[in-house]
Structure formats: structure tokens, C-alpha cells
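# Working through the structure, step by step
Here is what each chain is made of, one letter per residue.
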Amino acid sequence: MTLAQNQAKTHAQWTERAQRLSMATGHFIEGRHVPSVDNATFDCINPANGRVLAQMARGGDADIDAAVASGLQAWNDRRWRGLPPRQRMDVLLRLADLVEHHADELALLETLDMGKPISDVLNIDLPEVTKTLRYFAECIDKVEGAVTHTAAGSLHLITHEPMGVVGAITPWNYPLLMAVWKLAPILAAGNCVVLKPSEQAPLSCTRLAQLFVDAGGPPGVFNLVNGLGSEAGRALALHPDVIKLSFTGSTAVGKLLMAYAGQSNMKRVALETGGKSPQIFLPDLYDLDAAVDRAVGGIYDNAGQVCNAGSRLLVHRDIHDEFVRRFTARAAQAYCPGDPLDPATTLGPLASQAQLRNVQARMARGLAEGAQLLMGESPGAALAAGAYLGPALFVGASNRMSIAQDEIFGPVATVVPFSSDEEALALANDSVYGLAASVWTRDLNKAHKFVRELEAGVVWVNCFGDGDMTQPFGGYKQSGNSRDKHMMSLQSYLQTKSAWFQTG
Ligand code: NAD
């Protein structure tokens, strides 16, 4: 079924299709779905209605041992890295085709599991997944080494080689896409991988593991273990045979993983962590409506569960009141909570009741600190069983308040006013995070100065969230130490060898 056919489906059709959906619930090791060694499971819950969707295998040390051993066997017998590059490329390209072929199934798994609106999965997540797979497939035979200038009698080669069994631990906000941002470059580089997806939304990744084998990927090259972070995740991070760990998730867990690496085998740890991204609106911006429109999308898309969400709105005092007026009107019109299986829905539930409680506790703290809350209501009785929250905006806040400093990871933005460029810059950089930032102005010299001075890995000018596969994505400061997307991500899963020949 084509993307266009899926996009044309109605709410009733999706609801009916959801009744017939089958779900793989095991781990995926050596090309097969398997239960946990001790048969343990955990409940996978639909956040839109609180119902149990599936009982997933709950992995522990023994399951991680089995998955890593399978990956190590595949590494040692060279069944993946030993293939000609174009053969590996074909597997990843076929996997992209299979993702498209199974788009309706993957979209439903994602929507039921974490509450993401189905139209977002079809229009954003899945197209990005296939782009990522195809981009890194195409990179496979573009990796080059070097021959350096040496004295006569010597030949010096610099080559880049895969590393071994890489572990990947991923979050729930874009379950499939965040995993594929790891898997595609790890596999393209010739490594084997063990993935531990988020326990909040494991279903789509579990399906993807099977599709890799269906695409011709050798069993054992991509293994997956489901389970809790403190159990399966910890075991993977501590495993002595995992050469590198690639993580996307919270800053707090990222710090733990660095400690686990130190306690075990000093594995390399690549981190993509949290954010509190500032958007700076200068009074000379081109078009206030267009800026407000992007500001609204920048915080309420995916119910604000986005690492680079533009959650700190730094607005010049000259335009502050009008900005807030248009922002609240636009948000109320564009983001009304609804059933994520309805293609018209733009704001689904948060990923879990626990996340809803967490967000509400942070909002209560903002009120206690003296900020004023506009919007942010819980929706009506019809949605009461789900983890829903309407779009929320704090005004009258200072940048030192917790609502301007802490990552809330929900549909909650905070406006902080400023009076000068210097003040805007100081406020923007006053954060432990440094993932993304944007500046809105018609003065490109000024924009360029902001770009130079902003402490962020990604900066947008007169836009927000734009980009393609050529954009390295990752943060400064406590937002991480690595980059996803771009060829440099593939290179980060290679290690460099220098070979010096005496040629006589
Ligand atoms: P999280 O840190 O709670 O969990 C992420 C993953 O880590 C999950 O798979 C979880 O099971 C695992 N985990 C938890 N404790 C662990 C432990 N002790 N040992 C090993 N693994 C453990 O994050 P989340 O709530 O799933 O996702 C939200 C976070 O992810 C936010 O902070 C968000 O900013 C961040 N994120 C960052 C990016 C980026 O590119 N920088 C992208 C998406 C999400």
C-alpha cells in the first residue's frame, strides 16, 4: 500500500485495522523472536486509553548475554562486514523498501504504543526512517582512507574499520526514527548491533528487527532485547563485549552510561541527550504570523516530546504582548487533543500517565515560582482515560525559574522577555543544555553574530526544525557529545588504523 493510500484512510478504517494488528513481543536474537530466558514480561500500555496492548519480553543479564554473544559470533565469522559493500548497501535499501511496504502496520504500532498522531507517523516519522536508511546505504562505498606523504622507502595507509558489536539504547519520543538514526550508520559501517528500545514504545523496533532479516540481513547482525532501562539497558551498558554504546535519551541516564563504561570495558559512549532550546524573536523579524506559527509547531508537535523542542521563547519586549496574543490563538486552533488514530488529530496523549504526572508536577512548580499559566487545560471527559494535556504557555517567567531551565518534555512553553541583543544571547546561553536554538530577524549580520555566539549544536535562522540528512544533529554542553545523521555519524562507528610499510 502506498503512502498516499495510507494517508487517505479514515479514522474508522484505522480503528478497524488496529483490531487486526498482530504484534511481535519477544526479543529478536539470531534471526528469531524469543521469550526471555526466565519468561519475564512487562505490560505495554496504550497511552490513549490506558489499556494493555501487549506483554513484552522483559530482558535481563542472560538475554543481553545471549544477544551480545550472537552479535559477536556474527562479527567473528564476518557474515556482515565481510560482504562486498554494495551487497550490504542492497540490504539496507531493501529494508527501506520494506518499511514503506509495511507503513500502515508500523504507523499503527507507533501510534498505539506511544500516542503519536497517526498522520505524524505517516508524514514525518516513516519518510524520515526510509530517508535515513537510504542515505546511509548510499554512504557505504563512499568511505575512503588516505595515503600520506612519506619519505622514500615508506608507505603509510590510513584506513577506517568497523568496531565490533555496538550497543544502542533509544527513547520513546520517535521510537523507530531515533533507533534508525543509530542502526543505519552502525550497520552501514559494517558493525553488528544490539538494540534496547524504550520500554515505553518497543513495538515498532521489534517489528523492524524482523524486517532486517526479511531484507536479506544475516541473522545475528541486528539483535534486539526488550526490557527496562535499569535491567536490560544497564546490562548492555556494562557488557564487556560491547565496544561502543550509542544512546539517545535523558541527560541523567547519559551520565549513568558514562559511569557504566568506566566500570566495565571503557567502551566509547555516544550521547544524544536532553535540551531546552531557546528561540529568539527580535523586533525586526520578517513576519510575526509566520514566526508564531513555527514557534507553536516547535513546541506542540509530538506533544512537546522532542529533544530540540523550542520550549524557551525569548521574545523582545516590543513585540511580547502581540506575540503572546497570536501564539495562544494559533495554539488553541492548531493543537486540540484528540484520538491519535484520527488522521485529523495533531495533538495525541503524552507517552504515558507517568510522563503526564511528571509534566503536571513541573507546571505546578512553575506556578509556585510565580509564573502565569495560559492554556494547559486537561481535555474533557471523552479523553479522560488517556494521558492527554492541552497546549500550555507560561508568561511572566524569568530564565532562572525551573520552567525555563528544566526539560519538561511535554506541550509546555515558557516565554521570557528581553530588551537587547546582549540580554537575549546571555539568556539563551544560560542553560546546562545546548542542543538547538533559533533566531528570528531580518538583519542577517545580526543573525550571523547570534549563530557564532549561541552555544548550541544546531542553529536555525528564520526557521525552526528544518534540515535534511546532511545536517549533523547533536548538542553542545549536557545535550550530548555526538552527532546523528550526516556522514560523520557513520564515521563515528568506524575506528582508524594507521599502517606503515617499509618498502625498501
Ligand atoms: P530515558 O533516558 O528515560 O530513557 C532512554 C533509554 O534509556 C530507554 O531505552 C531506557 O530504557 C534506557 N535507560 C533508562 N535507564 C537506564 C539505565 N540505568 N541504564 C541503561 N539504560 C537505561 O529517556 P526517555 O524518557 O525515553 O526519552 C526522553 C529523553 O530523550 C529526553 O531527555 C530527550 O531530550 C531525549 N532525546 C534526545 C534526543 C537527541 O537527539 N539529543 C532525541 C530524542 C530524545
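Turning to the side chain of Asp 63, a few remarks are in order. Along the chain, Asp 63 turns up in helix H3 (residues 61-76). Arg 58 is the oppositely charged side chain nearest to the buried, salt-bridge-free Asp 63, at an N-O distance of 9.1 Å. Only 3.0 Å separates the side chain of Asp 63 from the backbone nitrogen of Gly 60, close enough to count as a polar contact. Ignoring sequence-local partners within four residues, the contact set of Asp 63 consists of His 27, Ile 29, Pro 35, Ser 36, Val 37, Arg 58 and Val 225.

Attention now moves to the packing of aromatic side chains. Inspection of every chain in the model, using the stated rule, returns 11 aromatic pairs. Ring plane angle 20° and centroid distance 6.0 Å describe the contact between Phe 323 and Phe 327, whose orientation is recorded as stacked. Of this pair, Phe 323 and Phe 327 both sit in helix H12 (residues 320-334), 4 residues apart, roughly one helical turn. Comparing Phe 323 with Phe 327 shows no difference in burial state: the two are buried. One aromatic cluster in this structure is built from Phe 281, Tyr 300, Phe 323, Phe 327, Tyr 335 and Trp 440. We note Lys 116 situated over the ring of Tyr 174; from NZ or CZ to the ring centre the distance is 3.6 Å.

What follows covers the sheet that holds strand S5 (residues 146-148). Strand pairs in the sheet, formed through backbone hydrogen bonds, run parallel or antiparallel to each other. Spatially, 3 strands are ordered S5-S6-S21 in an open sheet, and the strand pairing comes out antiparallel. Of all the strands in the sheet, just S5 and strand S21 (494-502) have a single pairing partner and so form its edges. Across this sheet, the average inter-strand angle for adjacent strands is 25°, counted without regard to direction. Here strand S6 (residues 154-162) pairs with S21 via 9 bridges, running antiparallel. Each bridged residue has a counterpart across the sheet, and for Ser 154 the counterpart in S21 is Gln 502.

With that out of the way, let us pick up the sheet that holds strand S13 (residues 312-316). One open sheet holds the 7 strands; their spatial order is S14-S15-S16-S13-S12-S18-S19, and the pairing between them is mixed. Looking at strand neighbours, the two that pair on one side only are strand S14 (372-375) and strand S19 (458-461), the edges of this open sheet. The sheet shows a mean angle of 20° between the axes of neighbouring strands, direction not considered. With 5 bridges connecting them, S13 and strand S16 (residues 412-418) associate as parallel partners. Pairing of Leu 313 across the sheet is with Val 415, part of S16. Relative to S13, H12 is tilted by about 140°, and along the sheet it contacts strand S12 (278-281), S13, S14, strand S15 (392-395) and S16. Each of S12, S13 and S16 is contacted by helix H15 (residues 421-429), which is oriented at about 145° to S16, the strand it contacts most.

This part is about the pairing of strand S18 (residues 436-440). Burial runs high along S18: 5 of the 5 residues are buried. What you see with S18 is no split at all: Ala 436, Ser 438 and Trp 440 on one side and Ala 437 and Val 439 on the other are buried throughout. With 3 bridges connecting them, S12 and S18 associate as parallel partners. Residue Phe 281 lies in a different strand from S18, and its bridge partner there is Trp 440.

Here the focus is the nonpolar core. Formed by 141 residues in total, the largest nonpolar core has its most connected members in Phe 281, Tyr 300, Leu 313, Phe 327 and Leu 393. When residues are assigned to domains, this core turns out to be shared by domain 1 (26-143 + 158-273 + 481-497) and domain 2 (278-468), each giving three or more. Residues in contact with Leu 313, not counting those within four places in the same chain, are Gln 279, Phe 281, Ala 295, Phe 323, Phe 327, Leu 393, Ala 413, Thr 414, Val 415 and Val 416. If you look at the next biggest cluster of nonpolar residues, it comprises 15 residues, including Val 416, Ala 424, Phe 450 and Ala 456.

Before going further, it helps to spend a moment on the site of the ligand. Taken together, 29 residues form the shell around the ligand, and within it Lys 196, Glu 199, Ser 250, Thr 273 and Glu 407 come nearest. Contact distances for the ligand include 2.6 Å between an oxygen atom and a side-chain N or O atom of Glu 199. At a separation of 2.7 Å, a nitrogen atom of the ligand approaches a polar backbone atom of Thr 273. Taken by itself the ligand offers 850 Å² of open surface, and the protein chains cover 90% of this. Secondary structure elements with two or more residues in the shell around the ligand: helix H9 (229-238), strand S10 (244-248) and helix H10 (251-263). Broken down by element, the residue count for the shell around the ligand peaks at 4 residues, all from H10. The class makeup of the residues in the shell around the ligand is 14 nonpolar, 10 polar and 5 charged. Looking at which domains feed residues into the shell around the ligand, each of domain 1 (26-143 + 158-273 + 481-497) and domain 2 (278-468) supplies at least three.

Turning our attention to the pattern of salt bridges. Overall, the coordinates contain 26 salt bridges when judged by the stated rule. Residue Arg 17 pairs with Asp 104 through a salt bridge whose shortest N-O separation is 2.9 Å. Here Asp 104 lies in helix H5 (residues 103-114) and Arg 17 lies in helix H2 (residues 11-19), a separation of 87 residues in the sequence. Considered together, Arg 17 and Asp 104 belong to a single accessibility category, that of buried residues. Note that Glu 231 and Arg 58 form a salt bridge whose closest N and O atoms lie 2.6 Å from each other. Within this pair, whereas Glu 231 is found in helix H9, its partner Arg 58 is found in the loop between strand S4 (52-57) and H3, the two being separated by 173 residues in sequence. Glu 231 sits in the partly exposed class, given a relative accessible area of 27%.

Let us now look at the domain arrangement of the protein. Split into domains, the protein comes out as domain 1 (26-143 + 158-273 + 481-497) and domain 2 (278-468). Opposite the 22 residues of domain 1 that make contact, domain 2 presents 26 residues. Interface of domain 1 and domain 2: buried area, both sides summed, is about 1800 Å²; carbon and sulfur atoms make up 58% of it. Where domain 1 touches domain 2, the interface holds 7 residue pairs in polar contact (both at pLDDT 80 or more).

Here the focus is H10. When the terminal C-alpha atoms of H10 are compared, their 19 Å separation across 13 residues agrees well with the 18 Å that a helix rising 1.5 Å per residue should span. Restricting attention to buried positions, one finds in H10 the residues Thr 251, Gly 254, Leu 257, Tyr 260 and Ala 261. Taken around the axis of H10, the buried residues stretch over an arc of 165°, which confines them to a single face. In H10, those exposed residues whose orientation departs by more than 90 degrees from the buried face are Ala 252, Gly 262 and Gln 263. Tucked inside the fold, the buried residues of H10 contact strand S7 (165-169), H9, S10, strand S11 (268-272) and strand S17 (433-434).

Reading guide: rules and limits
Residues numbered from 1 in each chain as written. Predicted model: local features only at pLDDT ≥ 70, side-chain atom pairs only at ≥ 80, totals over all residues. Heavy atoms only, no water. Helix = DSSP H or I, 4+ residues; strand = E, 2+ residues; numbered from the N terminus. Buried < 20%, exposed > 50% of the residue type's maximum accessible area, 1.4 Å probe, protein only. Lys, Arg positive; Asp, Glu negative; His and termini not counted. Salt bridge = Lys/Arg side-chain N within 4 Å of Asp/Glu carboxyl O. Polar contact = N/O pair within 3.5 Å; in protein donor to acceptor, adjacent residues only side chain to side chain. Contact = heavy atoms within 4.5 Å. Phe/Tyr/Trp six-rings, centres within 6.5 Å; stacked < 30°, edge-to-face > 60°. Lys NZ or Arg CZ within 6 Å of the ring centre and 35° of its normal. Pairing = 2+ DSSP bridges. Axes fitted to C-alpha atoms, helices over the stretch in contact; angles between N-to-C directions. Core = buried A, V, L, I, M, F, W, Y, C linked by side-chain atoms within 4.5 Å. Domains from an automatic or database assignment. Near = heavy atom within 4 Å. Areas by Shrake-Rupley, 256 points an atom, 1.4 Å probe, with all protein chains shown as cover. Nonpolar A, V, L, I, M, F, W, Y, C, P; charged D, E, K, R; others polar. Buried area = accessible area lost by both parts, 1.4 Å probe. Expected span 1.5 Å × (residues − 1). Arc of directions from axis to C-beta.

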